[in-house]
Amino acid sequence: MATPPLRDEIPPGTLEMLILRTLVLGEEMHGFAIADAILHTSAGILLVEEGSLYPALQRMLFKGWIVGEWSRTPENRRARYYRLTSAGRKQLEREITRYDRVARAISLILSPRLA
Amino acid sequence: MTLGELWRRVTLLIRRERLREDLDAEIQLHQELRAEANRRSGADARTASAASRRAFGNPNLIREASQDVWGGRWLDVLQQDLGYAFRTLRRSPGFTLATILTLALAIGSTTAVFSVVNGVLLRPLPFAGQDRLTMLAERSRQGGLRPPSYPTFLDWQREARAFEGLAYVRGGGQRVTGSEGVQNIVVSVVSPGFFSVLGERPLLGRLFTPDEERSGAQVAVLSYALWQRRFGGDPQILERALSLSSGAYRVVGVLPHDVAYPPWTDEQLYTPLATVTATDHALVQRGFHADCRIIGRLNPGISIEQATADLSDVARREAAAYPEFNADWTSAELIPLRDEVLGDTKAQLLMLLAAVALVLLVACVNIANLSLARGHARVRELAIRSALGAGRGRVARQLFTESALLAGGGGLLGVTAAWWAVVWLRRTGLAVVPRLDTVAVDVRVLAVAIGVVGLTAVATGLLPALWAGRSDLTESLKQRSEAATSGSPRPRLRAVLVTSEIALAVILVAGAGLLVRSLRELRAVSPGFDSAGLTTFYVSPPPGREPAALRALYFRILDAARALPGVTGVALTNFTPLSGGGLPSPVQVAGRAPDPEHDPQVWFMTVSPGYCRTMRIPVREGRDFTEADLAGGTAVLVNEAFARSYLAGSDPIGRSLTLHKAVQGRDDFGESMPATIIGIVGDVHHFDLASPAEPQVYVPFTRNVWGHITLVVRMAVSQPGFPRTLTRTVQRVDPEIPVMLSGGQAAAGLVDVIGSLASRRLDAWVLGSFGAAALLLAAIGVYGLIGYSVARRRQEIGVRVALGARRSDVLRLVVGDGMRLAVVGILVGLLGALAVTRLLAGLLYGVGASDPATFVADAALLGLVALTACYLPARRAAGIDPVTALRYE
């Protein structure tokens, strides 16, 4: 009996970073595509409760990190496509730097012999 | 928060609907796409969409979370509250309308009156350190006041110790000749340091240099109003040359504010006094006191009393040194500049403020009353809301939203009304209240209005809210509406409120009644002449003309006016009655010792022979002037007041008097003139209908030719276009006579007897409308209370009728309840009125402050209003059908 793939909740505060990162890779995307992309690129390990994407997107729209534009999907459905702004790019760099710092610090604690 | 974010948040408030739709569309799309993906991976349609929903989470929570990101959830709640408040208020239109109108009335009158008080009283004069500024006058043993002559001023300036500085200013009419023709303006010549005493700084250019002040120069400073109105606020005004009667002057500066000192007009042109000292005789005469002011700035820390004592010492020395001029003028009086500029309107304005406070109080009482009544009716509604889970705060907020809505509506209506009222006041009261032209509904006034609105909102919203908080849920739901109130103390509270409302209305109506009666008494006072059909023209030829030339000019004007069609009489006089002008002059009666302590001032009138006939002033004894009296001789007329004061107990005709030439600034000023009384004429109220007629002596105008004179013309039938005809006629005789006076007033006009009562009429009007408002509010209060109690006692009354009570019994029962309150209210109000109307004493004429007739009428009026307000609901009660009333519950 195959064990179902292990899925983890996203650590709090990283969702926005993940969205920004996804948008850097994939040009313009709509909400569903972003959720799908996060799921797939993390090899199915990270689980986004898909709805929680939307409050985050709203927050980022306000911060001016992303802009949204309504257009048509290939199947001719109306969808809002998000695109990174230059402020969003800078924010992504900041977040990654911060994440690296935190991650290094955590790994230092967990594996002191590396120090 | 960045600027961009702020902007996005602000636009959000407007685009909320759009955002919500966008979000919904996105969520729906997401779920559809997920379902399709699930289907593609083999799930059947139902499991696919269920799985997609599971993966998505709770869309409602997501929506709310997103909206939380937008912020402004309060906006939604507010929207909900407002919508609900609108619906509730619409359901009880009577209450809503009554409350909004009450509020509008109260806020409107508060705002209007406060804007006047603010503009006139509260706003300080624009002079720096105005508390230390005073106007200085000589005071006689009899209590008379006059500005010192210029030589006396110089002595004061040298000897007084209490002042940082003293300055002298004298005003006079001059013509400016410009592209717009000849205009009359007031030119004030000022002694060195005048502007620094006032603490003035220039808005444009500069003030006079010390050198210009000392040695004189042809330079001029304009008051702000003059610059604005005559020169259109021209920024290029500096260095412009003005052609005045006394020569060409160069404009060097403009003053910064709308108030000009001395307060004879806001449009003034200032020049250094030193420029005219060589040519102005008035400046060396110790007997010259006209058209001038002395102002002083007190040393810091010196009180007015100390300064008065200091200056009075100087005045006493002057009186001893120059008995010829100053014998009686043995002390000094200091009048704060503020009081001089604002005059005695302070009492009037404070009365207005008190009245408006009363109206506001009545209005608040009324609204509190209405809200209480409504609070009762809503007990069950509020209880149900609590039962359904509304928190106490939520219910209170709902109630508060309602009252805020009411207060807002009333406030908006009220401020609009106030705006119109101020416009109206400025049109009608301009001549009555100083600085009124600067009154406006400004920021400060609006702040007060908003404060009043806020307070009423809190007061009227809080009452029912507090009450809703107190009410016991289960009890309220269990009880039937009718029983919910029995045993509660609230009806008593409402009765007290209504009683005090009636009492306040009684006070206001008493005040208004007294003012209206004063006005009626004053209207009944005969001014001593007949103003109907009179037209006047103020003839002010250029200064510097010789008396002989003036005399010839005046004769030519008389002849020209006499020749006009429809004219039945023409005459000249130096001062028309009720125009505010006049000149007192000493008179000695042969064979009578003067009594400086008691002799009243005598007003020096120069007239042409037709004057009494034209004015219809009766000749009581002796004869009127004839043309022959103009040529020479000593004939004069005196009025009855003069005969009473100076000639009591003797035959006045033929008595000899000594008069003194009274045209100021001429070489012959003060020269004695022998006179013989040839007749006695009726008294004329020269200054004010409310004060007794002053003693007057009439002299043929040729004996002391005045520098300006007023032409009086009587028409058989007054024609509306006649002032224009008269103006053209005078202009044909001498085009140099200006037809526009300073302040933009036409030289031609009417003798306005009623106009002299304008200030009192305004008072009566304003207090009258406040009284009417209070009356109306009290009536609403009584009606509301009684109507409510009838509705509450419907069943009880039904039982009474069923048990055999007659219609008249029911009527008596209900009316009796209301009238008991009314009688108490009226009695309390009368007591209050007795105390308060005493403050009005200064504004009354011919009635006492506790005039019994007024008070009785007041009580009767309030009784009648209360009776009507009780009768209407009582009649409804009497019509109650016992069967329906009993089945109703």
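Starting afresh in each chain, residues are numbered from 1 along the sequence in its written order. Chains carry letters and ligands carry numbers; both start at the beginning, A for chains and 1 for ligands, and go up in the order they are written. Per-residue local features are limited, in this predicted model, to residues with pLDDT of at least 70; the limit for side-chain atom pairs, both in listing and counting, is 80 or more; totals at the level of whole chains, interfaces and linings are taken over all residues.

## What about the overall build of chain A?
So, point 1. Each helix is a run of DSSP H or I of at least 4 residues and each strand a run of E of at least 2, with the numbering of both proceeding from the N terminus. In terms of regular secondary structure, chain A is built from 4 helices and 4 strands.
So, point 2. Helices and strands appear in chain A in the N-to-C order β-α-α-β-α-β-β-α.
So, point 3. Burial status across chain A gives 27% buried among its 115 residues.
So, point 4. In this description, a residue-residue contact is defined by the distance between C-beta atoms placed from the backbone, which must lie within 7 Å. Contacts spanning at least 24 positions in sequence make up 49% of the contacts within chain A whose residues lie at least 6 apart. Here the C-beta atoms are placed from the backbone, and a residue counts as buried if at least 20 other C-beta atoms lie within 10 Å of its own, exposed if 12 or fewer do, and partly exposed otherwise.

## Quick notes on the overall build of chain B
So, point 1. The secondary structure content of chain B amounts to 28 helices and 22 strands.
So, point 2. Considering only residue pairs separated by 6 or more positions, chain B has 82% of its internal contacts joining residues 24 or more positions apart.

## Describing the interface of chain B and chain A
So, point 1. Counting residues at the interface gives 23 residues for chain B, matched by 17 residues for chain A.
So, point 2. Secondary structure elements with two or more residues in the side of chain B that touches chain A: α1 (3-40), α2 (45-56) and α3 (59-70) of chain B.
So, point 3. With 13 residues, α1 of chain B is the largest single contributor of residues to the side of chain B that touches chain A.
So, point 4. Looking at the side of chain B that touches chain A residue by residue, the classes come out as 12 nonpolar, 5 polar and 6 charged. By the convention adopted, Pro, Cys, Tyr, Trp, Phe, Met, Ile, Leu, Val and Ala count as nonpolar, Lys, Arg, Asp and Glu as charged, and the other residues, Gly among them, as polar.

## A closer look at helix α6 (residues 150-159) of chain B
An α-helix turns once every 3.6 residues. As a result, residues three or four positions apart point the same way.
So, point 1. When α6 of chain B is considered as a whole, its buried residues turn out to be Y150, T152, F153 and W156 of chain B. The buried residues of α6 of chain B occupy an angular sector of 150° when the element is viewed end-on, so they sit on one face. By arc we mean the arc of the directions from the helix axis to the C-beta atoms, nothing more.

## So, the nonpolar core
Residues and elements named next belong to chain B.
So, point 1. The term nonpolar core refers to a group of buried residues, namely Ala, Val, Leu, Ile, Met, Phe, Trp, Tyr and Cys, whose C-beta atoms join them within 7 Å. Core analysis: the biggest nonpolar cluster contains 99 residues, and A505, A774 and V782 have the highest contact counts within it.
So, point 2. No other element matches the 17 residues that helix α24 (residues 758-792) contributes to this core.
So, point 3. Lining this core are residues from two domains, each supplying at least three of them: domain 2 (76-123 + 345-488) and domain 4 (489-524 + 755-889).
So, point 4. Residues in contact with A774, not counting those within four places in the same chain, are L358, V359, V362, L504, A505, L508 and V509. Reported domain spans reflect what an automatic or database domain assignment gives.

## Some words on the confidence of the model for chain B
Close inspection of predicted coordinates is inappropriate in any region flagged by low pLDDT.
So, point 1. Across the chain, each position has a pLDDT score giving the predictor's confidence in that residue, from 0 to 100. Taken over all residues, the pLDDT of chain B has a mean of 82, while the share at 70 or more is 90%.
So, point 2. Counting contacts from residues 481-489 of chain B, a segment whose pLDDT is below 50, to residues more than four positions away or on other chains yields 11 contacts.

## Observations regarding the pairing of strand β21 (residues 709-715) of chain B
Residue and element names in this part refer to chain B.
So, point 1. Burial of β21 is extensive: 6 of the 7 residues sit out of reach of the surface.
So, point 2. DSSP calls a pair of strands paired once it identifies at least 2 bridges connecting them. Where strand β12 (residues 534-539) lies against β21, 6 bridges are found, and the strand directions are antiparallel. Counterpart to V539 in the pairing with β21 is I709.
So, point 3. Of the strand pairs in this sheet, strand β13 (residues 567-573) and β21 are connected by 6 bridges, and their pairing is antiparallel. Bridging from a neighbouring strand, V567 pairs with M715 of β21.

## Observations regarding the packing of helix α3 (residues 53-63) of chain A against α3 of chain B
So, point 1. Lines fitted to the C-alpha atoms define the axes, with helices restricted to the stretch that makes contact. Angles between their N-to-C directions range from 0 to 180 degrees. Packing of α3 of chain A against α3 of chain B brings their axes to within 8 Å, and their N-to-C directions diverge by 15°. Taken together, the axes of α3 of chain A and α3 of chain B lie roughly parallel to each other. You can see that α3 of chain A and α3 of chain B cross each other, and the crossing is right-handed. Where α3 of chain A abuts α3 of chain B, its residues Y54, P55, Q58, R59 and F62 of chain A lie against I62, A65, S66, V69 and W70 of chain B. Just so you know how the angles are binned, under 35 degrees is roughly parallel, over 145 roughly antiparallel, 65 to 115 roughly perpendicular, and the rest oblique. Left-handed describes a crossing in which the near helix is turned anticlockwise from the far one by less than a right angle; the clockwise case is right-handed.

## Thoughts on unusual backbone geometry
So, point 1. In this chain, Y261 of chain B is followed by P262 of chain B through a cis amide linkage whose omega measures -5°.
So, point 2. Its location among the elements puts P262 of chain B in the loop between β8 (247-254) and β9 (268-272).

## So, α3 of chain B
Residues and elements named next belong to chain B.
So, point 1. Expected helix span is taken as 1.5 Å per residue step, with the number of steps being one fewer than the number of residues. For α3, with 12 residues, the first-to-last C-alpha span of 17 Å sits near the 16 Å given by 1.5 Å per residue.
So, point 2. Buried residues of α3: I62, S66 and W70, and no others. Projected onto a plane normal to the axis of α3, the buried residues spread over an arc of 90° and lie on a single side. Exposed positions of α3 whose direction lies more than 90 degrees from the buried face are N60 and L61.

## Thoughts on the packing of helix α19 (residues 547-562) of chain B against helix α23 (residues 722-733) of chain B
All names here are of chain B.
So, point 1. For the pair α19 and α23, the least separation of the axes is 10 Å and the interaxial angle reads 140°. Considered as vectors, α19 and α23 are oriented oblique to each other. Relative to α23, α19 is oriented so that their crossing is right-handed. Along the contact surface, α19 presents R556, I557, A560 and A561, while α23 presents L726, T729, V730, R732 and V733.
So, point 2. Its residues placed into classes, the contact of α19 with α23 shows 6 nonpolar, 1 polar and 2 charged.

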